[in-house]
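Descriptive analysis of the structure
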Amino acid sequence: MANKGPAYGMSRDVQSKIEKKYDDELEDRLVEWIVAQCGAAVGRPERGRLGFQVWLKNGIVLSRLVNSLYPDGSKPVKIPDAPPTMVFKQMEQIAQFLKAAEDYGVVKTDIFQTVDLFEGAGGGSRGWGSQGCCACPHASLSLAAKDMAAVQRTLMALGSLAVTKNDGNYHGDPNWFMKKAQEHKREFTESQLKEGKNIIGLQMGTNKGASQAGMSYGRPRQIIS
């Protein structure tokens, strides 16, 4: 289990609000889907937000998940033989997953940020530099508010897309996710378009054959000499 560093002042309040958005029941559904999609080899996390975070944090499970949505020969994410242990390598692996998820169709607003899976920018109570070395001990004050609810949102969006595409690469209960609304485009022939213009013209009315004959406008003007 990863060490959980202390939260101070404002960061503690922010973290508390973020943690309230995390859905434990949704976690169970996502774990079931990931295992069904990737196979038992990915294991299962300890129950709870922290266990879910630790399970996904090195990027391997996420990479296997998005790869499983593509046919053989077109897997978008390269998975190393040994899981990365250095923080910056883990972040690189997660970044590859995020790009693949976006390419798959997940919109940017549903994509979590790499640091959402980390305490600070590293795995403990202190901040880490891009090379995995310890940086300023106060760096975690701005980055400690990891947002696992955002991670859940990304995975839900990914699952919804997989169910919607229905291309044979989704595994699991399709009722775990709602299908995305799909746009239905209608194609019209040239004759149908012309006919539509005529209908619009008739609805607007016509003055063909109209004249002012027989029409009067009030009483005639009387001229008195």
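Higher on the page you've got the structure.
Residues numbered from 1 in each chain as written. Predicted model: local features only at pLDDT ≥ 70, side-chain atom pairs only at ≥ 80, totals over all residues. Heavy atoms only, no water.

1. Remarks on the pattern of salt bridges
Opposite charge on two side chains lets them pair, provided their charged atoms get close. Counted only if it meets this: Any carboxyl oxygen of Asp or Glu that lies within 4 Å of a side-chain nitrogen of Lys or Arg is treated as forming a salt bridge with it. In this description a helix means any DSSP run of H or I spanning at least four residues, a strand means any run of E spanning at least two, and both kinds are numbered starting from the N terminus. Exposure classes here rest on a 1.4 Å probe applied to the protein chains alone. A residue is buried below 20% of its type maximum, exposed above 50%, and partly exposed in between.
All chains considered together, the criterion is met by six salt bridges. Between E32 and R44 there is a salt bridge; the shortest N-O distance is 2.8 Å. Pair noted here: E32 is in helix α2 (residues 24–38) and R44 is in the loop between α2 and α3 (49–56), with a separation of 12 residues, a long-range link. Between K89 and E92 there is a salt bridge; the shortest N-O distance is 3.7 Å. Within this pair, K89 and its partner E92 are both found in helix α5 (residues 87–104), separated by three residues, close to a single helical turn. Residue class for K89 comes out partly exposed when judged on its relative accessible area of 39%.

2. Brief notes about the packing of α2 against helix α4 (residues 60–67)
Our working rule: Here the axes come from fitting lines to C-alpha atoms, over the contacting stretch only for helices, and the angles between their N-to-C directions go from 0 to 180 degrees. A crossing counts as left-handed when the near helix is turned anticlockwise from the far one by less than a right angle, and as right-handed when that turn is clockwise. Two residues form a contact once any of their heavy atoms are found within 4.5 Å. Only Asp, Glu, Lys and Arg are considered charged in this grouping, and only Ala, Val, Leu, Ile, Met, Phe, Trp, Tyr, Cys and Pro are considered nonpolar; every other residue, Gly among them, is considered polar.
Where α2 contacts α4, the axes come no closer than 9 Å and their chain directions differ by 65°. α4 is crossed by α2, and the crossing has left-handed handedness. Contact residues: α2 offers W33, I34, Q37 and C38, while α4 offers V61, R64 and L65. Of the residues in the contact of α2 with α4, the class split is five nonpolar, one polar and one charged.

3. Some remarks on unusual backbone geometry
The phi dihedral of N166 is positive, around 50°, even though this residue is not glycine. Mapped onto the elements, N166 comes out in the loop between α7 (148–165) and α8 (190–204). Looking at N166, the relative accessible area reads 63%, which means it is exposed.

4. Structural notes on the side chain of S63
Which entries qualify depends on this criterion: Under the rule applied, a polar contact is a pair of N or O atoms within 3.5 Å (in protein, one hydrogen donor and one hydrogen acceptor; residues adjacent in sequence only if both atoms are side-chain atoms).
In this structure, S63 sits in helix α4. Looking at S63, its side chain comes within polar contact range of the side chain of Q93, at 3.0 Å. Setting aside chain neighbours within four positions, we find S63 in contact with V77, I79, Q93 and F97.

5. A short note on the packing of aromatic side chains
As a reminder of what qualifies: Any Phe, Tyr or Trp ring, taking Trp's six-membered ring, that has another such ring centre within 6.5 Å forms a pair; planes under 30 degrees apart are called stacked, those over 60 apart edge-to-face, and the others tilted.
Within the structure shown, the criterion is met by seven aromatic pairs. When the ring of Y22 is compared with that of F52, the centres are 6.4 Å apart and the planes differ by 55°; the resulting orientation is tilted. Taken as a pair, Y22 in the loop between α1 (9–21) and α2 and F52 in helix α3 lie far apart in primary sequence, 30 residues in all. Judged by its relative accessible area of 0%, F52 is buried.

6. Things to note about the nonpolar core
Applicable threshold: Only buried residues count toward a nonpolar core. Its members are Ala, Val, Leu, Ile, Met, Phe, Trp, Tyr and Cys residues joined through side-chain atoms within 4.5 Å.
Core analysis: the biggest nonpolar cluster contains 43 residues, and L56 and L155 have the highest contact counts within it. Taken together, the elements giving at least two residues each to this core come down to α2, α3, α4, α5 and α7. Counting residues per element, this core draws most heavily on α7, at 10 residues.

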